[in-house]
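The primary structure of each chain is shown beneath.
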Amino acid sequence: MKKKIFITSAIDYTNDVIHIGHAYEKILADSYARYEKVINNKKDVLYTTGTDEHGTTNQKAAEEKGLSPKDHVDEISKKDKEEIDTLNISYDRFIRTTDEDHIKIASDFFQKSFDNGDIYKDNYKGFYCEGCESYKTFSELDENKKCKNHPTREIQELDEENYFFKWSKYEDFLKDLIETNKLIIKPEGKRSEMLAFLKEGLRDITVTRPKYKVSCGITAPNDDEQVIYVWFDALINYFTEGSQKGYWDEDTKIVHFVGKDIARWHTLLWPAMLRSAGYRIPDVVYVHGFLNLEGEKISKSLGNVIRPTELVEQYGTDAVRYYLLKFGPIVEDSDLSADHFKEVYNGELANGLGNTVARLAKLAEKSEIEFPVKDIKLDEAVFKPMEDYRSDKVIQNIWSILSGLDKHINENEPWGIKDKKELEEVLSEELGVLRKVAKYIEPFMPETSKKIQKQFDTLDIKAGKPLFPRI
Ligand code: MSP
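Chemist: Any details on the side chain of T356? Residues and values, ideally.
Modeler: Take T356: it is sitting in helix α11 (residues 338-367). Contact partners of T356, with chain neighbours within four places excluded, come to N351, L402, L405, D406 and I409.

Chemist: Provide a residue-level description of the sheet that holds strand β8 (residues 205-206), including the pertinent values.
Modeler: Hydrogen bonding along the main chain pairs the strands of a sheet, whether they run parallel or antiparallel. Here four strands make up an open sheet; going across it, the order is β5-β4-β6-β8 and the pairing antiparallel. Each edge of the sheet is formed by a strand with only one pairing partner; in this case those strands are β5 (134-136) and β8. For strand β4 (residues 119-129) and strand β6 (residues 156-165), the ladder comprises ten bridges, and the chain directions are antiparallel. From the neighbouring strand, F127 faces β6, where its bridge partner is E157.

Chemist: Can you break down the sheet that holds strand β14 (residues 291-293) residue by residue, with the values?
Modeler: With respect to topology, three strands assemble into an open sheet ordered β15-β14-β16, the strand pairing being mixed. If you trace the sheet from one side to the other, it starts and ends with β15 (296-297) and β16 (334-336), each paired once. In the sheet, β14 pairs with β15 via two bridges, with the strands oriented antiparallel. From the neighbouring strand, L293 faces β15, where its bridge partner is E296.

Chemist: Tell me about a negative patch on the surface, and name the residues and values.
Modeler: A cluster of acidic residues, D419, E422, E424, E425 and E429, forms a negative patch on the protein surface. Residue placement: D419 occurs in the loop between α12 (391-412) and α13 (420-440). Judged by its relative accessible area of 43%, D419 is partly exposed.

Chemist: Lay out the site of the ligand with the relevant residues and their values.
Modeler: If you check the shell around the ligand, you find 24 residues, and the closest are I11, E25, D52, D261 and L291. Take D261: an N or O atom from its side chain is 2.5 Å from an oxygen atom of the ligand. Protein contacts shield 94% of the accessible area of the ligand, which totals 670 Å² for the unbound molecule. Residue assignment for the shell around the ligand shows that the elements contributing at least two residues are β1 (4-13), α1 (20-39), α7 (230-244) and β12 (252-259). The element that contributes the greatest number of residues to the shell around the ligand is α7, accounting for five residues. Of the residues assigned to the shell around the ligand, the class counts are twelve nonpolar, eight polar and four charged.

Chemist: Any chance you could break down the packing of aromatic side chains for me, citing the residues and the numbers?
Modeler: A complete count under the given rule lists 37 aromatic pairs for this structure. Taking the centre distance of 6.0 Å and the plane angle of 75 degrees together, the rings of F6 and W248 count as edge-to-face. Remark: W248 occurs in the loop between α7 and β12 and F6 occurs in strand β1; sequence separation between them is 242 residues. No difference in accessibility class separates F6 from W248, as the two residues are buried. Between Y286 and Y389, the aromatic rings sit 6.1 Å apart at their centres with planes inclined by 55 degrees, giving tilted as the arrangement. Within this pair, whereas Y286 is found in strand β13 (residues 284-288), its partner Y389 is found in the loop between α11 and α12, the two being separated by 103 residues in sequence. Pair check on accessibility: Y286 and Y389 agree, each one buried. Directly above the ring of Y247 sits K4, whose terminal nitrogen or CZ lies 5.7 Å from the centroid.

Chemist: Break down the packing of α13 against helix α14 (residues 446-456) for me, with residues and values.
Modeler: At their nearest, the axes of α13 and α14 sit 8 Å apart, and the two run at 150 degrees to each other. Judged on the interaxial angle alone, α14 and α13 are roughly antiparallel. You can see that α13 and α14 cross each other, and the crossing is left-handed. In this structure, α13 contributes L431, L434, R435, A438 and K439 to the contact, and α14 contributes S449, I452, Q453 and F456. The residue makeup of the contact of α13 with α14, split by class, is five nonpolar, two polar and two charged.

Chemist: Got a sec to walk through the pattern of salt bridges? Specific residues and values, please.
Modeler: Taken as a whole, this structure holds 44 salt bridges when the rule is applied. Salt-bridge contacts for K26 lead to D12; the nearest nitrogen and oxygen are separated by 3.1 Å. Placement of the pair is K26 in helix α1 and D12 in strand β1, with a sequence separation of 14 residues. Residue K26 shares its accessibility class with D12, and that shared class is buried. In this structure, K213 engages E160 in a salt bridge whose closest nitrogen and oxygen atoms are separated by 2.7 Å. Residue K213 is located in the loop between β9 (208-210) and β10 (219-220), and its partner E160 is located in strand β6; the two are separated by 53 residues in the primary sequence. A relative accessible area of 32% means that K213 is categorised as partly exposed. Note on E160: relative accessible area 1%, which makes it buried.

What counts and what doesn't
- Residues numbered from 1 in each chain as written.
- Predicted model: local features only at pLDDT ≥ 70, side-chain atom pairs only at ≥ 80, totals over all residues.
- Heavy atoms only, no water.
- Helix = DSSP H or I, 4+ residues; strand = E, 2+ residues; numbered from the N terminus.
- Contact = heavy atoms within 4.5 Å.
- Pairing = 2+ DSSP bridges.
- Patch = residues over 30% accessible without salt bridge, like charges linked within 9 Å, V, L, I, M, F, W, Y side chains within 5 Å.
- Areas by Shrake-Rupley, 256 points an atom, 1.4 Å probe, with all protein chains shown as cover.
- Salt bridge = Lys/Arg side-chain N within 4 Å of Asp/Glu carboxyl O.
- Lys, Arg positive; Asp, Glu negative; His and termini not counted.
- Charge placed at Lys NZ, Arg CZ, Asp CG, Glu CD.
- Buried < 20%, exposed > 50% of the residue type's maximum accessible area, 1.4 Å probe, protein only.
- Near = heavy atom within 4 Å.
- Polar contact = N/O pair within 3.5 Å; in protein donor to acceptor, adjacent residues only side chain to side chain.
- Nonpolar A, V, L, I, M, F, W, Y, C, P; charged D, E, K, R; others polar.
- Phe/Tyr/Trp six-rings, centres within 6.5 Å; stacked < 30°, edge-to-face > 60°.
- Lys NZ or Arg CZ within 6 Å of the ring centre and 35° of its normal.
- Axes fitted to C-alpha atoms, helices over the stretch in contact; angles between N-to-C directions.
- Parallel < 35°, antiparallel > 145°, perpendicular 65-115°, else oblique.
- Left-handed = near helix turned anticlockwise from the far one by under 90°.

This is the structure in structure tokens:
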């Protein structure tokens, strides 16, 4: 068992402020980080998120607003951080690729790979999608010659002198890494997908862009007419913080949470880059699906973007976390609709959790009996799905404990028990379960967990305000 754990989410482009789809990943990674800390009592947990501020997407967004790239990325990055903070994300560092330490470390990393003979100069002629910040082959375009992920953007046709990374050299290494699970890719379907992609063969990839075309970037250490390609630069963000904090050694479990569109970069390019520069490979890449809104892809051009702050204002932080963790795109794409959200809020939070808490607090207060807090033993089986990073399944387990508790209350009718001893027995059993539930939900709904613990982990239990007022 490794002593330390390093957890990351992807860093978001700063062409626009993040929406609820981006936020899903931060909540997912946060629930895992908190689980390791509060349930497994791990002391050495590092969690990073941040912003990816170089490349053409960011540069064009700044130009459109008539701002300097720096002013533009400063503004968006600040807003992104506010969006993430509203969700109570427990990151240790919000890293920006324009941070001084990252610029230095990314440049040194590039140099190492260059010194090891893995970077060479050549001409690139082909397509480039600025939305993906990625080179495309003809077969990856749709029938209108547009990128399938960004059909509203013009595809760029590049013909330029760049530096290439010898990606193809690492094919066998990557195949072995994934087949032997030295790099674990979850869920299983994504692992097979990455292996299938690898089977088609890798072509060397350009890892710089000429400065006269892309000004937003880190100058290549071997050629000051070139900037480091935005993906090569961005992936290194993990190493920047991990290596400086002592979390890039063999005694650290490194887990990356990423969306399905960027799985290849993390499972195929990133390990090859690390190998080339002489650093260790991460342990796990967890790949989640996409969140849609009312049946549509979330997109600026469709005008259906929802920011985390808007949802939080309406329902509160923990309700948003709960909904997304339980019904979000943990494996397959999922859909968020206002009706479903309300239904879940009223049914599982106002009613389910909120109602059980309110009932038991009232019963305990009225009984005038003291219920000492016993040593709480958590049931490990509840968290078993967390081995596969399945917060959704853990939450389902907790909610079935809650409905068992509700059933117990209904069947035993403590409000009608006259015998004090009997009442004490029934209520202490029920309070014991609730006190556990309060602890169980801490990784997912930290504030609510704290509120319930404060209310019940005392001899003086009192009825309080509803946790989730009905809407
Ligand atoms: N900047 C790159 C990542 C570099 S990581 C070294 C990037 N940025 S992004 O802003 O486009 O996306 C950030 C993350 O949000 C990605 O993991 C992406 O898959 C995820 N999501 C973007 N839209 C999403 C949904 N609608 N739903 C769920 N996740 C989504 O890619």
